[in-house]
Amino acid sequence: MFRESKFLALALTLVMSGVAQAAIYKTTDAKGNVVYTDSPSREAKTVDLPPLSIVPSLSAEQIAQANATNQAAAQPAAIRYQLKFAQPAAEQTVRKPDPIGVTVNIQPALANGDNMSILLDGIVVANGNGVTISTEQMDRGAHSLAARVTNSAGKVVSEVSTTVYVQQNSVNSPASQANRPAPAKR
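Definitions and limits used
Residues numbered from 1 in each chain as written. Predicted model: local features only at pLDDT ≥ 70, side-chain atom pairs only at ≥ 80, totals over all residues. Heavy atoms only, no water. Pairing = 2+ DSSP bridges. Helix = DSSP H or I, 4+ residues; strand = E, 2+ residues; numbered from the N terminus. Axes fitted to C-alpha atoms, helices over the stretch in contact; angles between N-to-C directions. Buried < 20%, exposed > 50% of the residue type's maximum accessible area, 1.4 Å probe, protein only. Contact = heavy atoms within 4.5 Å. Salt bridge = Lys/Arg side-chain N within 4 Å of Asp/Glu carboxyl O.

Across 3 bridges, the pairing between strand β5 (residues 93–95) and strand β11 (residues 156–167) is parallel. Among the inter-strand pairings, Val94 is bridged to a residue of β11, identified as Val166. Pairing analysis gives 10 bridges linking strand β10 (residues 141–150) to β11, with the strands arranged antiparallel. The residue of β11 that forms the bridge with Gly141 is Val166. Adjacent in sequence and paired antiparallel, β10 and β11 are bridged by 5 residues, among which Gly154 carries a positive phi angle near 85 degrees.

Sheet architecture is open: 3 strands sit in the order β2-β1-β3, paired in antiparallel fashion. The open sheet terminates on both sides in strands that have one partner only, identified here as β2 (34–37) and β3 (45–47). Strand after strand, the sheet turns through a mean of 35 degrees between neighbouring axes, direction not considered. One ladder, built from 4 bridges, connects strand β1 (residues 24–28) with β2; its direction is antiparallel. Bridging from a neighbouring strand, Thr28 pairs with Val34 of β2.

Further remarks concern the sheet that holds strand β6 (residues 100–107). Spatial ordering of the open sheet is given by β4-β6-β9, a layout of 3 strands whose pairing is antiparallel. Each edge of the open sheet is held by one strand with a lone partner, namely β4 (82–87) and β9 (130–133). This sheet shows a mean twist of 25 degrees between the axes of neighbouring strands, independent of strand direction. Where β6 lies against β9, 4 bridges are found, and the strand directions are antiparallel. Residue pairing across strands places Val102 opposite Val131, the latter belonging to β9.

A few words now on the side chain of Thr162. Among the secondary structure elements, Thr162 is positioned in strand β11. The exposure class of Thr162 is buried, given its relative accessible area of 11%. Among all residues touching Thr162, those that are not within four sequence positions of it are Phe85, Ala90, Glu91, His143, Ser144 and Leu145.

Counted according to the given criterion, the structure contains 1 salt bridge. The shortest N-O distance in the salt bridge between Arg148 and Glu159 comes to 3.3 Å. Of this pair, Arg148 sits in strand β10 while Glu159 sits in strand β11, and the two are 11 residues apart along the sequence. The exposure class of Arg148 is partly exposed, given its relative accessible area of 26%.

In structure tokens, the structure reads:
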């Protein structure tokens, strides 16, 4: 019984405080300042407020969907770059120790944050649209040469590749024989 009366007293207090807080009063203090309060006084006038605007909350799914839409809209559209090797020519053969000159033409110019890399056999050897690659340490045979444009997020947006061949001079070629020292006389 004591527990029920305690609960009833608490419920009445909450209801009465809600009713008391519902009214807003307007008064003017001794200095002429307008004061709004929830405490009534003799000179206070009740203020009629318009109904509150109620905005329904969004579900977690709706918030996630809105965030995804905003992020997608914030991402600029990927630029379609056209890449073409100016040099070397496709399937060009280079004799050791001559270097491989690489120049890539790109249209349109790289946008802010985009980057072009030159790759030899899948390994980045330079950033930019040109490089000279030494053939001194390269094995003879076919090698893959690629130019790749990545955006600021690291995603590949354009790529072009070609094959170059490195040829090693034969030790039996006349050019090699001319550079050999003469055998010692006995």
